[in-house]
Amino acid sequence: MAGNRQILFIQGGGAGAHDEWDDKLCDSLRRELGDGYEVRYPRMPNEDDPNYATWSAAIRHEMAALDGGAVVVGHSVGATILVNALAERPPEQELRAIVLVAAPFVGAGGWPGAEFELPHDLGARLPQGVPVHVFHGLQDETAPPSHADLYARAIPQAELHLLPGRDHQLNNDLSEVAKTIGPDDLRTAAQE
């Protein structure tokens, strides 16, 4: 698949998340993006009990194998760990975009949990000049939609996408994500 744009999709946590839940999101993204994209979907270790140390190491390993200009997408707790790992240590390769889908916010105003707590200066710690998109369903009963607002405050440069009628899995439809990470939309957003 040389020459294809790379997308790294990080699954959420929970028993069966990779094969029974987030595979539908990944399939939707592949379908919507079409030819010219390589969507990588690695299995995270111990998916039923996400651990920051092991998941962030696995994410860094996966990012090291990407070409420059890749897009990283995380769902649910996978997005929380992804953005934390990027804030802790940016990847060596340049990213084209960071996309958080239904990400629980861990910290003040969000969920408690020292292991996943996001730094107060999260936006400043992320790779500079890389567009950040936060997608959240307004019917999400797992991570409340208010968590998206907390991300918008913590990452002032982020573009917030609130989706009416969509649940934690965005109803297994990542068409808005695909449109956003398509080549023309990201180029426009980065120039603004």
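Check the entry above for the structure.
If you're wondering where the values come from, they're calculated on a predicted model, not measured in any experiment.

Draft legend 1. Structural context of helix α2 (residues 52-64). Between its first and last C-alpha, α2 extends 18 Å over 13 residues, near the 18 Å set by a 1.5 Å rise per residue. Among all positions in α2, only Tyr52, Trp55, Ser56, Ala58, Ile59, Arg60 and Met63 are buried. Residues of α2 that are buried in the fold lie against β1 (5-10), β3 (70-75) and α3 (77-88). Between the side-chain oxygen of the N-cap and the backbone nitrogen of Ala53 there are 2.9 Å, and the N-cap of α2 in question is Asn51.

Draft legend 2. Representation of the nonpolar core within the structure. With 38 residues, the main nonpolar core has Val72, Leu100, Leu122, Tyr151 and Ile155 as its most contacted residues. The set of elements that each furnish at least two residues to this core consists of β1, α2, β3, α3, β4 (95-101), β5 (132-137) and α5 (146-154). With eight residues, the top contributor of residues to this core is α3. Among all residues touching Leu100, those that are not within four sequence positions of it are Gly74, Ala79, Val83, His133, Val134, Phe135, Tyr151 and Ile155.

Draft legend 3. The arrangement of a nonpolar patch on the surface in detail. Judged by side-chain polarity, Leu138, Leu160 and Leu162 come together as a nonpolar surface patch covering roughly 210 Å² of accessible area. Assignment of secondary structure puts Leu138 in the loop between β5 and α5. Owing to a relative accessible area of 36%, Leu138 belongs among the partly exposed residues under this scheme.

What counts and how
Residues numbered from 1 in each chain as written. Predicted model: local features only at pLDDT ≥ 70, side-chain atom pairs only at ≥ 80, totals over all residues. Heavy atoms only, no water. Helix = DSSP H or I, 4+ residues; strand = E, 2+ residues; numbered from the N terminus. Expected span 1.5 Å × (residues − 1). Buried < 20%, exposed > 50% of the residue type's maximum accessible area, 1.4 Å probe, protein only. Contact = heavy atoms within 4.5 Å. Polar contact = N/O pair within 3.5 Å; in protein donor to acceptor, adjacent residues only side chain to side chain. Core = buried A, V, L, I, M, F, W, Y, C linked by side-chain atoms within 4.5 Å. Patch = residues over 30% accessible without salt bridge, like charges linked within 9 Å, V, L, I, M, F, W, Y side chains within 5 Å. Areas by Shrake-Rupley, 256 points an atom, 1.4 Å probe, with all protein chains shown as cover. Salt bridge = Lys/Arg side-chain N within 4 Å of Asp/Glu carboxyl O.

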